[in-house]
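# Observations on chain architecture
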Amino acid sequence: MKIMDSELAQQTVQYLEENFSGWEYQVSFHQKESTMLRFAQSNVHQNNRSIQTSTDIELAQGKRVAKTSLDTRNIDEVIRSIQSLQGICETIAENNEFSGYPLPPLQIDSGKENPVVDAKEFYEKSLSFFPSYFQKIKNASLEAYGSFLYENFGTACVNSNGLQNESHSSFVQFQSQIMKDRVSGYSQTTAKTIQDLSIDRVIEESLETCLKGTSPSIIEPGYYPVFLKPEAVSDILRMMAFISMGTKSIDEKRSYLSEKLNTQVLDSCLDITENPLHPEQISMYMDHQGYPHIHPVQLIQKGVFRDMVFDDKFAKKYHKPNTGNALPGNMGPIPTNLVLESATTQDPGAMISQVEKGIYVTRFWYANPVSPIDGEVTALTRDGTFLIEKGQLKPIKNLRYSDNIFEVLSNIVAVGSDSRFNGSFYGGTVAPSLLCKKMRFTEVLPE
Amino acid sequence: MKNKLISYIELAKSYHVQYADIRFEEIHSHDLRVRNESVDSSRTSVQIGYGIRVLKNGSWGFASTNDTHWKSIEEAIRQAVQLAEIAAQVSSQNIQLAVIPVVDDCVQSVAVIDPFRVSLQEKIEYLKEASSAMKIPSIFLREASMSFRKLHRFFLSTEGSFIEQTRHESGCGITAFARNEKGEMQSRSYPNAFGGDYSTFGYEFVQKTDLTGHALQCAQEAVALANAPLCPSGTKDIIIMGNQMALQIHESIGHPAELDRVMGSEAAYAGTSYMTQDKVRIAQLASTIVDITADATVPGAFGFFAYDDEGVKAQKVYLIKNGLLEGYLNSRETAFKTGERPMGAMRADGYWNYPLIRMTSINLLPGNQTLEQMIRDIDDGLLFDGIKSWSIDDRRMNFQFGSQYGRVIRKGRLEEVVKNPTYMGESPSFWNACDAIGDESQYHIYGVPNCGKGEPGQMMKLSHGTSPARFRNQKVGVIQ
């Protein structure tokens with residue numbers, strides 16, 4: 001059923017229309033159904049099924065704006081909250097940064113329908129593959145850890161300018177970490193349907209990585225050429241989007257990309273696009289203001305910083321089209337569906353074979369900015385770190401890197417042909433493996 | 001409410017479960033932020049719903065709903081049972097719970113002034129005044145914020161425990177952003193970064209925090225940072241001030257002391273722990289002057305509560321005693337496995353999530369040194385103040401932390417300001433290098449509103465009591 005057809009949505013909009021003519025408002029109705037099975041030591045030890053609805057309401061009188069979030073389905077509670085917002089608007093000072101809500105755009109529909117994941121099918125799949133998966137891992141004298149989950153979610157938005165939009169999406173994810181003592185291997189698959197998951201590939205990859213990792217040696221910290229698997233590249237891209245590609249932080253000169261428009265910031269072989277329509281991307285095709293998020297934006301073209309993403313407020317400020325990148329809260333527009341590509345790609349195996357001496361990274365852990373304006377980030381390697389010597393992988397202990405992530409991606413030797421989707425907040429990234437000339441590893445993790 | 005919960009628990013029992021509990025929660029919150037004396041956002045929220053946890057055939061199942069009609073709750077109970085049955089079919093575990101006393105209790109909030117009864121106008125004026133007091137040259141952005149929550153929780157288990165708890169949460173803070181002539185930016189916060197400080201007191205906590213009284217110093221330090229040289233690199237003696245010590249305790253003692261991590265059930269996401277069970281009362285994980293407790297019994301602390309989400313009464317236990325690993329944060333499930341007593345650390349961030357082992361108030365007990373004494377005994381050192389950046393490995397061994405504000409210590413004196421100060425180390429050797437802890441007069445319990453753990457991700461509220469402390473021969477300044 002469409003969210004807008006629900007009794008709560010109908011009654012809420014009717015109440016606002018009847019009682020708040022002359023006011024500006026924006027209402028978002030959210031719906032989420034999710035189930036997660038978590039496993040550790042080859043047992044499903046935790047699980048969580050949740051069916052949630054919530055409503056976000058913003059009311060504005062001139063530049064006096066107040067917001068509320070409600071997860072109640074009781075219309076009387078919703079009306080009480082709207083009345084309380086009215087009281088807040090009458091008390092509150094003007095917010096000079098408020099610039100109204102978006103007008104309805106010419107095009108709303110992405111032309112794409114997202115499939116819905118069926119709970120029964122999810123349970124059947126769980127019962128069919130977990131026993132053989134756990135048995136396979138036990139037979140290798142190892143233990144399986146990870147999660148299997150799906151989420152169906154949707155949002156309907158209405159505002160006082162007549163914009164009304166609704167979109168739904170779904171994803172299924174399987175993550176496998178195989179471990180023995182302190183050696184581990186990891187892989188993941190995320191897709192729109194259960195059928196599209198690559199469960200066998202993930203099990204094989206995580207198992208193989210773990211088996212290869214026994215008896216890791218220690219290497220000296222320093223600069224090394226680095227082969228980054230798609231998951232590791234995605235970890236870097238997520239951080240780049242969060243600390244550097246947000247239009248608000250660029251505008252407020254808090255970003256590495258501030259005042260660098262049309263400047264070379266990455267290797268000339270790399271293109272980065274915000275593309276919710278990419279076939280592997282998970283997207284709702286609209287943003288948190290209900291504005292369509294259906295047009296790709298070329299952010300980095302041949303390594304040159306070309307464009308930013310916009311919500312209604314920043315589109316007005318920069319006289320640019322709204323790209324549908326409004327997010328909840330005050331963080332401003334941030335790209336959520338990044339796709340990293342290159343005109344020329346190579347088989348990942350061939351990329352590794354050309355490395356004389358370098359580091360192979362499966363994924364990173366606990367990345368945090370050290371100095372966002374300098375692009376300085378620190379993180380640790382995890383679940384499969386190897387020394388590449390003459391194209392051969394030898395297990396090594398995990399490492400910490402501290403480096404400028406723009407510099408790391410400014411020296412690309414080769415780009416892989418193994419692009420893969422990795423989910424994150426409000427979307428995800430599609431990225432291949434990368435072979436980079438150098439990355440600064442500052443610490444070796446102890447025993 | 002009790003009768004409703006009894007009927008739900010009776011329904012759960014009809015599915016032949018070994019154990020079940022149900023939580024009903026109603027949470028009201030209000031977040032208010034002022035930027036450059038203008039109200040940036042005023043956001044309220046209401047969350048109401050049920051979370052049902054069942055143990056059947058040796059496996060857990062959990063489901064939640066915010067639809068409070070009988071049919072939806074009935075369906076949630078059925079789904080929790082179904083998940084437990086699926087988990088049992090594919091697993092070989094046999095989860096059992098340590099025995100706890102059955103209780104029937106009602107516990108009220110310790111707030112004196114209900115923040116939800118303070119007028120919006122008064123709150124805005126308070127923040128605008130603090131923001132305005134940061135208005136000095138080079139400060140281009142001034143932020144002041146406060147946030148409040150009011151929780152009403154009910155808990156009922158198949159064992160017969162019924163608990164009703166109310167709790168208030170109050171927090172506030174300011175941040176000044178300065179830019180130098182080259183356009184480089186630095187920020188400084190009071191009383192801490194990430195929204196300030198938090199407690200389970202009422203609005204009186206905000207009044208006591210006195211944002212305006214500290215605003216000018218906060219702004220001046222931001223300007224000093226914007227014009228300061230970079231933190232030097234090398235090996236130095238360091239002093240870590242209280243708000244940064246809270247992070248140090250959190251990441252390198254609190255998380256590794258969670259017994260679910262130690263036993264491997266969080267390995268895939270949050271990771272494991274260096275505090276393995278073979279180290280209990282044997283391994284010297286810190287110097288002998290270090291005593292650290294998990295104490296949920298201090299009224300007003302952000303990690304204060306009466307009962308956890310398994311109905312276990314809040315307690316004070318030692319995690320580190322005389323530098324030795326003394327015990328863990330546990331749950332009924334992990335306590336059964338170790339044969340220990342449950343200490344009351346199983347908490348969920350809301351009715352929509354199952355409880356996990358979480359920190360309560362993890363406190364480094366005060367020592368006997370004044371700050372001046374600690375500085376006086378340093379020939380070549382650095383002082384770190386205010387949380388800026390943190391990263392630690394999945395066993396909680398190797399860390400790199402950054403502070404907002406650094407000061408060089410030279411021959412026993414505090415000297416110039418340095419920006420982007422960072423230090424790094426390995427948890428046990430770092431804590432073994434602790435040779436001085438500040439006295440009781442410097443002790444403060446810092447509220448942490450955003451501790452992430454678990455899948456789906458949960459944000460827990462907790463706290464850390466600490467004074468400043470000194471650590472000898474630490475690596476500093478990695479980024480240069």
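Conventions and cut-offs
Residues numbered from 1 in each chain as written. Chains lettered and ligands numbered in written order. Predicted model: local features only at pLDDT ≥ 70, side-chain atom pairs only at ≥ 80, totals over all residues. Heavy atoms only, no water. Domains from an automatic or database assignment. Contact = heavy atoms within 4.5 Å. Buried area = accessible area lost by both parts, 1.4 Å probe. Salt bridge = Lys/Arg side-chain N within 4 Å of Asp/Glu carboxyl O. Polar contact = N/O pair within 3.5 Å; in protein donor to acceptor, adjacent residues only side chain to side chain. Pairing = 2+ DSSP bridges. Helix = DSSP H or I, 4+ residues; strand = E, 2+ residues; numbered from the N terminus. Buried < 20%, exposed > 50% of the residue type's maximum accessible area, 1.4 Å probe, protein only. 1 Å grid on protein atoms, 1.4 Å probe; cavity = no way out; pocket = protein on both sides within 12 Å on 5 of 7 lines; lining within 4 Å. Points joined across faces, edges and corners; volume = space filled by probe spheres on them. Nonpolar A, V, L, I, M, F, W, Y, C, P; charged D, E, K, R; others polar. Expected span 1.5 Å × (residues − 1). Arc of directions from axis to C-beta. Disulfide = S-S within 2.5 Å.

## Observations regarding the domain arrangement of chain A
It is common to give the size of an interface as the accessible area lost on bringing the parts into contact. All names here are of chain A. Segmentation of chain A into domains returns domain 1 (3-206) and domain 2 (215-444). Spacing between the C-alpha centres of domain 1 and domain 2 amounts to 24 Å. Facing 41 residues of domain 1, the contacting portion of domain 2 comprises 35 residues. Approximately 2,900 Å² of surface area, both sides summed, lies buried where domain 1 meets domain 2, with 50% of it carried by carbon and sulfur atoms. The interface formed by domain 1 and domain 2 contains three salt bridges. We note a salt bridge from Lys313 to Glu97, for which the minimum N-O separation is 3.2 Å. The tally of links from domain 1 across to domain 2 stands at 16 residue pairs in polar contact (both at pLDDT 80 or more).

## With respect to the pairing of strand E7 (residues 222-228) of chain A
All names here are of chain A. Relative to strand E19 (residues 434-444), E7 is paired through six bridges, and the arrangement is antiparallel. Across the sheet, Tyr223 pairs through a bridge with Arg440, a residue of E19. Bridging between E7 and strand E12 (residues 357-371) involves three bridges; their strand directions are parallel. Bridge pairing links Val226 to Ile359 in E12.

## Notes on unusual backbone geometry
Residues and elements named next belong to chain B. That bond from Tyr190 to Pro191 is cis: its omega, -10 degrees, falls within 30 degrees of zero. Along the polypeptide, Pro191 turns up in the loop between strand E7 (185-190) and strand E8 (197-199). The omega torsion of the bond from Glu455 to Pro456 falls at -5 degrees, within 30 degrees of zero and hence cis. Of note, Pro456 is situated in the loop between strand E21 (444-453) and strand E22 (458-466). Of note in the backbone geometry, His16 takes a positive phi value of approximately 60 degrees without being a glycine. Looking at His16, the relative accessible area reads 67%, which means it is exposed. Of note, the phi angle at Phe194 is positive, near 60 degrees, even though the residue is not glycine.

## Examining the domain arrangement of chain B
All names here are of chain B. Along its sequence, chain B is carved into domain 1 (2-226) and domain 2 (234-476). For domain 1 versus domain 2, the distance between C-alpha centres works out to 21 Å. At the junction of the two partners, domain 1 supplies 52 residues and domain 2 supplies 45 residues. Of the roughly 4,200 Å² buried between domain 1 and domain 2, counting both surfaces, carbon and sulfur atoms make up 53%. One can count four salt bridges joining domain 1 with domain 2. Of the charged contacts, one joins Lys419 and Glu184 as a salt bridge, the two residues approaching to 3.4 Å between their closest N and O atoms.

## Remarks on the sheet that holds strand E11 (residues 337-341) of chain A
All names here are of chain A. Taken together, the six strands give an open sheet; going across it, the order is E10-E9-E8-E11-E18-E17, and neighbouring strands pair in mixed fashion. Each edge of the open sheet is held by one strand with a lone partner, namely strand E10 (304-305) and strand E17 (420-424). Relative to strand E9 (residues 297-301), strand E8 (residues 271-274) runs antiparallel, the two being bridged by three bridges. Counted as the bridge partner of Glu274 is Val297 from E9.

## Section: empty space enclosed by the protein
Counting across every chain of the model gives six cavities of 30 Å³ or more. Its volume calculated, the largest cavity comes out at about 610 Å³. Residue lining of the largest cavity: 32 residues in total, with Glu58, Lys67, Gln289, Leu327 and Gly329 of chain A positioned closest to the centre. Secondary structure elements with two or more residues in the lining of the largest cavity: strand E1 (24-40), strand E2 (43-61), strand E3 (64-70) and helix H7 (312-318) of chain A together with strand E2 (38-56) of chain B. It is E2 of chain B that provides the largest number of residues to the lining of the largest cavity, a total of four residues. Residue composition of the lining of the largest cavity, grouped by class: eight nonpolar, 14 polar and 10 charged. Put simply, the second largest cavity is a space of about 180 Å³. Along the walls of the second largest cavity sit 18 residues, with Gln165, Thr166, Arg167, Phe305 and Ala306 of chain B positioned nearest its centre. Secondary structure elements with two or more residues in the lining of the second largest cavity: strand E5 (139-157) and strand E6 (162-179) of chain B. At four residues, E6 of chain B tops the list of elements feeding residues into the lining of the second largest cavity. Here the residues of the lining of the second largest cavity sort into seven nonpolar, six polar and five charged. A domain-level breakdown of the lining of the second largest cavity finds at least three residues from each of domain 1 (2-226) and domain 2 (234-476) of chain B.

## A closer look at the pairing of strand E5 (residues 164-180) of chain A
Residues and elements named next belong to chain A. Within E5, 14 of the 17 residues are buried, leaving the element largely enclosed by the surrounding structure. Looking at chain direction, strand E4 (residues 143-159) and E5 are connected through 16 bridges and run antiparallel. What sits directly across from Asn152, in E5, is Ser170. Between the end of E4 and the start of E5, which pair antiparallel, lie four residues, with Gly162 showing a positive phi angle near 95 degrees. In this structure, E5 lies alongside strand E6 (residues 183-191), joined through nine bridges in antiparallel fashion. Within E6, the position partnered with Val172 by the bridge is Ala191. Here E5 hands over to E6 after two residues, with Asp181 in that stretch at a positive phi of 50 degrees.

## A few points about helix H1 (residues 7-19) of chain A
Residue and element names in this part refer to chain A. Helix length check: H1, at 13 residues, gives a terminal C-alpha distance of 18 Å against a target of 18 Å (1.5 Å per residue), a fit within 8%. For H1, the full list of buried residues reads Leu8, Ala9, Thr12, Val13, Tyr15 and Leu16. For H1, the angular spread of the buried residues around the axis is 155 degrees, confining them to a single face. Residues of H1 that are exposed and angled more than 90 degrees away from the buried face: Glu7 and Glu18. Where H1 is buried, its residues contact E1, E2, helix H2 (75-91) and E4.

## Things to note about the interface of chain A and chain B
Between chain A and chain B, the contact holds 78 residues from the first and 81 residues from the second. Approximately 6,700 Å² of surface area, both sides summed, lies buried where chain A meets chain B, with 46% of it carried by carbon and sulfur atoms. By the criterion of area lost to chain B, the three top residues of chain A are Arg38, Asn47 and Tyr366 of chain A, representing 9% of everything that side buries. If you look at where chain A meets chain B, you find eight salt bridges. Between Arg35 of chain B and Glu97 of chain A there is a salt bridge, with its nearest N and O atoms 3.8 Å apart. Of all the elements, E2 of chain A adds the most residues to the side of chain A that touches chain B, at 12 residues. Looking at the side of chain A that touches chain B residue by residue, the classes come out as 27 nonpolar, 28 polar and 23 charged. Sheet analysis places E3 of chain A next to E2 of chain B, joined by four bridges and oriented parallel. Note that in E2 of chain B the partner of Thr68 of chain A across the bridge is Thr44 of chain B.

## Details of the state of the cysteines
Going through the model one piece at a time under the given rule, you end up with zero disulfides over all chains. The thiol of Cys89 of chain A is not disulfide-bonded; the next cysteine sulfur, from Cys157 of chain A, is found 18 Å away. Of the cysteine sulfurs around Cys218 of chain B, a residue in no disulfide, the closest is that of Cys172 of chain B, at 12 Å. Judged by its relative accessible area of 3%, Cys218 of chain B falls in the buried class.

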